[in-house]
Amino acid sequence: MPEEDYVSQHSDLKVEGLKKEAPEETPLASPGSPAWASLGDSVVLPPLYQEMQDAFTRLLKHVQRRTVALAAAAHELKTPLTIITGYTEFLLSEKAGPLNERQRRALLDSQENCRRLQRFIQDVLTYSVLETGKIPMKFEEGDVGACLGEVYEVWLRLFHEKGVSLYYLTREQIEKFQFDYFKVQQIVSNLLENALKFTPVGGTVWISAEVTPWDRRNRIASVVGEERRKEARVSPTAVRVTVADTGPGIAPEYQLEVFDDFFRLPQSEGTSGGSGLGLAIARRLVQAHRGRIWVESDGVSGSRFSFLLPMISEEGASRDGAGNASQF
């Protein structure tokens, strides 16, 4: 029998045999659906997902315990540090007797280190509160120009002591809007402390504020052209606050990490810098205003830290005020 006839006569048998031997197909879940969607009425999490969820829960509890312990330790340091600071100031006043130059220098060094430790403790306590997500936000109609002016006056002496110039540029009158007055001052103070730390003697730091249109769908807000500037003056949607310095700058690869908790730039390692929490706290407080914060730098000649505050109405502030801390 020719080979073609044999194959033709037995092709049905071969196909039928294949059909009988083929395993029963398992229906697949539709693309994008969860892995447990086709398991029936009772949802059973895949083992790997369950393990990841358990690991996340354990990590979250560990972080919370660490935060509470850190806050407790910082709080315990406040009282003895206050006593040391008080005695140092008393001795510097020479009410207990005159001081020679060597004694005065030693006391001034002690006073400066006490202040640094006080700032560190305050950063830790603020960070601990922010981590719990329970920080209260008090939105009231205020003048952001006056708010920044007060911060400028407080920091002016410290900048002059180091030999760094500080300027507050008031470009235009900004209408009043709802924001947390003291939280904004803390944000700017943290940015100024960072600028003072890295700006060398003879350098310059500027504070400025201006209205700007802000489309929240865009990652970076910018004012392009004179027409948009005119539009911003008529119907501004946000206030952009900037702290610029003539320090060494921040390399592009660190411009996102710089806002992380306890992050310190490589050039600050081994120095008596801060806690690595100042910018992280500033970021959280800006987020509590439903704003955003970022840094611009070429990594060589200075940095520009900017943040946006949405110009929300009184109704929006009262609605969002209680829930802002939840996103921490």
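Refer to the structure presented above.
Small disclaimer: the values here were computed from a predicted structure and weren't measured.

Rules used in this analysis
- Residues numbered from 1 in each chain as written.
- Predicted model: local features only at pLDDT ≥ 70, side-chain atom pairs only at ≥ 80, totals over all residues.
- Heavy atoms only, no water.
- Axes fitted to C-alpha atoms, helices over the stretch in contact; angles between N-to-C directions.
- Helix = DSSP H or I, 4+ residues; strand = E, 2+ residues; numbered from the N terminus.
- Parallel < 35°, antiparallel > 145°, perpendicular 65-115°, else oblique.
- Left-handed = near helix turned anticlockwise from the far one by under 90°.
- Contact = heavy atoms within 4.5 Å.
- Nonpolar A, V, L, I, M, F, W, Y, C, P; charged D, E, K, R; others polar.
- Patch = residues over 30% accessible without salt bridge, like charges linked within 9 Å, V, L, I, M, F, W, Y side chains within 5 Å.
- Areas by Shrake-Rupley, 256 points an atom, 1.4 Å probe, with all protein chains shown as cover.
- Salt bridge = Lys/Arg side-chain N within 4 Å of Asp/Glu carboxyl O.
- Buried < 20%, exposed > 50% of the residue type's maximum accessible area, 1.4 Å probe, protein only.
- Pairing = 2+ DSSP bridges.
- Expected span 1.5 Å × (residues − 1).
- Core = buried A, V, L, I, M, F, W, Y, C linked by side-chain atoms within 4.5 Å.

Colleague: Got a sec to walk through the packing of helix H5 (residues 181-198) against helix H7 (residues 278-288)? Specific residues and values, please.
Modeller: To describe two helices that pack against each other, one gives the angle between their axes and the distance between the axes. At a closest axis distance of 9 Å, the pairing of H5 and H7 adopts a crossing angle of 150°. Considered as vectors, H5 and H7 are oriented roughly antiparallel to each other. By crossing handedness, the relation of H5 to H7 is classed as left-handed. Of the residues in H7, those touching H5 at Lys-183, Gln-186, Ile-187, Asn-190, Leu-191 and Asn-194 are Gly-278, Leu-279, Ile-281, Ala-282, Leu-285 and Val-286. In the contact of H5 with H7, the residues fall into seven nonpolar, four polar and one charged.

Colleague: Before we move on, could you go through a nonpolar patch on the surface and cite the residues and values that matter?
Modeller: A contiguous nonpolar surface patch, about 400 Å² in accessible area, is contributed by Ile-83, Tyr-87, Phe-90 and Leu-91. For Ile-83, a relative accessible area of 46% corresponds to the partly exposed category.

Colleague: So what's going on with the pairing of strand E7 (residues 303-310)? Residues and values would help.
Modeller: Buried residues dominate E7, accounting for seven of its eight residues. As paired elements, strand E5 (residues 238-245) and E7 share eight bridges and run antiparallel to each other. Looking at the pairing, Val-243 lines up with Phe-305 of E7. The pairing of strand E6 (residues 292-296) with E7 spans five bridges and is classified as antiparallel. Within E7, the position partnered with Arg-292 by the bridge is Leu-308. Here E6 hands over to E7 after six residues, with Gly-299 in that stretch at a positive phi of 80°.

Colleague: Tell me about the sheet that holds E7, residues and numbers included.
Modeller: Pairing between the strands of a sheet is mediated by backbone hydrogen bonds and can be parallel or antiparallel. Strand order in the open sheet made by the five strands is E2-E4-E5-E7-E6, with mixed pairing throughout. In this open sheet, the two edge strands, each paired with only one partner strand, are strand E2 (165-170) and E6. Going across the sheet, the axis of each strand differs from the next one's by a mean of 15°, ignoring polarity. The sheet contacts of helix H4 (residues 144-162) involve E2, strand E4 (204-212) and E5, and relative to E2 the element is tilted by about 170°. Sheet strands in contact with H7 are E6 and E7, and its direction is about 140° off that of E6.

Colleague: Can you lay out H5 for me, pointing to particular residues and giving the numbers?
Modeller: Between the first and last C-alpha of H5 there are 27 Å, a value that for 18 residues agrees with the 26 Å anticipated at 1.5 Å per step. Every buried residue belonging to H5 is among Lys-183, Val-184, Gln-185, Ile-187, Val-188, Ser-189, Asn-190, Leu-191, Leu-192, Asn-194, Ala-195 and Leu-196, and all of these are buried.

Colleague: How would you summarise the pattern of salt bridges if you had to cite specific residues and measurements?
Modeller: Overall, the coordinates contain seven salt bridges when judged by the stated rule. With its nearest N and O atoms 3.2 Å apart, the salt bridge here joins Glu-296 to Arg-240. Within this pair, whereas Glu-296 is found in strand E6, its partner Arg-240 is found in strand E5, the two being separated by 56 residues in sequence. Note on Arg-240: relative accessible area 14%, which makes it buried. One connected set of salt bridges, linked through shared partners, spans Asp-261, Arg-283 and Arg-284.

Colleague: Report on unusual backbone geometry, specifying residues and quantitative values.
Modeller: In the Ramachandran plot, Glu-94 falls in the positive-phi region, its phi being about 65° despite a non-glycine side chain. Residue placement: Glu-94 occurs in the loop between helix H2 (47-92) and helix H3 (101-132). The backbone of Arg-290 shows a phi angle near 65°, a positive value even though the residue is not glycine. Taking the relative accessible area as the measure of exposure, Arg-290 reaches 29% and is therefore partly exposed.

Colleague: Outline the nonpolar core, supporting the account with residue identities and numerical values.
Modeller: In this structure, Leu-166, Val-188, Leu-192, Val-239 and Phe-307 are the most contacted members of the largest nonpolar core, which totals 49 residues. It is H4 that provides the largest number of residues to this core, a total of eight residues. With residues up to four places along the chain from it excluded, the contact list for Leu-192 reads Val-151, Trp-155, Phe-159, Leu-166, Val-205, Ile-207 and Val-243.

Colleague: Break down H7 for me, with residues and values.
Modeller: Burial runs high along H7: nine of the 11 residues are buried. Looking at H7, one finds that the buried residues are Gly-278, Leu-279, Ala-280, Ile-281, Ala-282, Arg-284, Leu-285, Val-286 and Ala-288. Phi for Arg-290, located one or two positions after H7, is positive at around 65°.

Colleague: How would you summarise the pairing of E4 if you had to cite specific residues and measurements?
Modeller: With seven of nine residues buried, E4 is to be regarded as a mostly interior element. Summarising the sheet, E2 and E4 pair through six bridges and their orientation is parallel. If you follow Tyr-167 over to E4, its bridge partner there is Trp-206.

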